[in-house]
Amino acid sequence: MTTTFAANQAVPSGTYFDAARWTMVPVAADGDRLPAGPGPYHRVPTALALLATPLLGLAYVVVLPVAGVASLGLGLLRRLTGRAAEGASDLAAAVSPDVATGAAYLTGAEGDEKDAAAGQAEPGAATPELERLRQEIEEKRS
């Protein structure tokens, strides 16, 4: 198990692993301070440091080119499919219904033919019940 230290802390001599930057930091003398930075630092036994240092370098050598090629491929793919996505969003806007999110559509749209065919009152027309409610509201306001 490794011991954890904070940045800029006085530590005994040895090798420390910077978990934020993935680097090994050697400390030559007892009482020297770790570099300032995000930290944390973990004390690593010397034998483990000798094995881990080349592996960290190998990770940079292998991972960075792979990440670069993957980023380039993803960027090209998005560029190519972006044209298709634009066309799809234009088509979706053209065929989507005229609905406002969060609005209540309880009375139907104005000029709805099925309501007129069913013999219902036209939208906005006052029924006796609505007229009674309107008068009651007017009385309470005054």
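Residues numbered from 1 in each chain as written. Predicted model: local features only at pLDDT ≥ 70, side-chain atom pairs only at ≥ 80, totals over all residues. Heavy atoms only, no water.

Examining the packing of aromatic side chains
Phase 1: Applying the stated criterion across every chain yields a total of 2 aromatic pairs.
Phase 2: An angle of 80 degrees between the planes, with centres 5.4 Å apart, marks the rings of Phe5 and Tyr16 as edge-to-face. Taken together, the positions of Phe5 in strand S1 (residues 4-5) and Tyr16 in strand S2 (residues 14-18) put the pair 11 residues apart, joining distant regions of the chain.
Phase 3: For Phe5, a relative accessible area of 15% translates into the label buried. (Phe/Tyr/Trp six-rings, centres within 6.5 Å; stacked < 30°, edge-to-face > 60°. Helix = DSSP H or I, 4+ residues; strand = E, 2+ residues; numbered from the N terminus. Buried < 20%, exposed > 50% of the residue type's maximum accessible area, 1.4 Å probe, protein only.)

Let's talk about the pairing of S2
Phase 1: Counting buried positions along S2 gives 4 out of 5 residues, so the element sits mostly inside the fold.
Phase 2: Pairing of S2 with strand S3 (residues 23-27), which is carried by 5 bridges, proceeds in the antiparallel orientation. For Gly14, the partnering residue across the bridge sits in S3 and is Val27.
Phase 3: Adjacent in sequence and paired antiparallel, S2 and S3 are bridged by 4 residues, among which Trp22 carries a positive phi angle near 60 degrees. (Pairing = 2+ DSSP bridges.)

Re the side chain of Asp18
Phase 1: As for its placement among the helices and strands, Asp18 is situated in strand S2.
Phase 2: Residue Asp18 is classed as buried on the basis of its relative accessible area, which comes to 0%.

Description of the nonpolar core
Phase 1: Phe5, Val11, Tyr16, Val25, Val27, Leu34 and Tyr41 together form the largest nonpolar core, which totals 7 residues.
Phase 2: The residues touching Val25, leaving out its near neighbours within four places in the chain, are Gly14, Thr15, Tyr16, Asp18, Pro35 and Tyr41.
Phase 3: Within the second largest apolar cluster, 6 residues are counted, among which are Phe17, Met24, Ala49 and Ala52. (Core = buried A, V, L, I, M, F, W, Y, C linked by side-chain atoms within 4.5 Å. Contact = heavy atoms within 4.5 Å.)

Focus: the sheet that holds S2
Phase 1: Overall, antiparallel pairing links the 4 strands, which are arranged S1-S4-S2-S3 in an open sheet. Looking along the sheet, the strands with just one partner apiece sit at the ends: S1 and S3.
Phase 2: Judged from the 2 bridges that link them, S1 and strand S4 (residues 41-44) form a sheet pairing that is antiparallel. Bridged to Phe5 within S4 is Tyr41.

Quick look at the pattern of salt bridges
Phase 1: Scanning the model with the defined rule gives 5 salt bridges in all.
Phase 2: Of the charged contacts, one joins Glu136 and Arg132 as a salt bridge, the two residues approaching to 3.8 Å between their closest N and O atoms. With a gap of 4 residues between them, Glu136 and Arg132 both fall in helix H3 (residues 128-141), about one helical turn apart.
Phase 3: Here Glu136 falls in the partly exposed class, since its relative accessible area comes to 32%.
Phase 4: Between Arg141 and Glu138 there is a salt bridge, with the nearest N and O atoms lying 3.9 Å from each other. In this pair, Arg141 and Glu138 are both assigned in helix H3, 3 residues apart and thus about one turn of the helix distant.
Phase 5: Beyond isolated ion pairs, a larger network of salt bridges with shared partners links Arg132, Glu136 and Lys140. (Salt bridge = Lys/Arg side-chain N within 4 Å of Asp/Glu carboxyl O.)

Interpretation note: all reported values are geometric properties and have no functional meaning in isolation.
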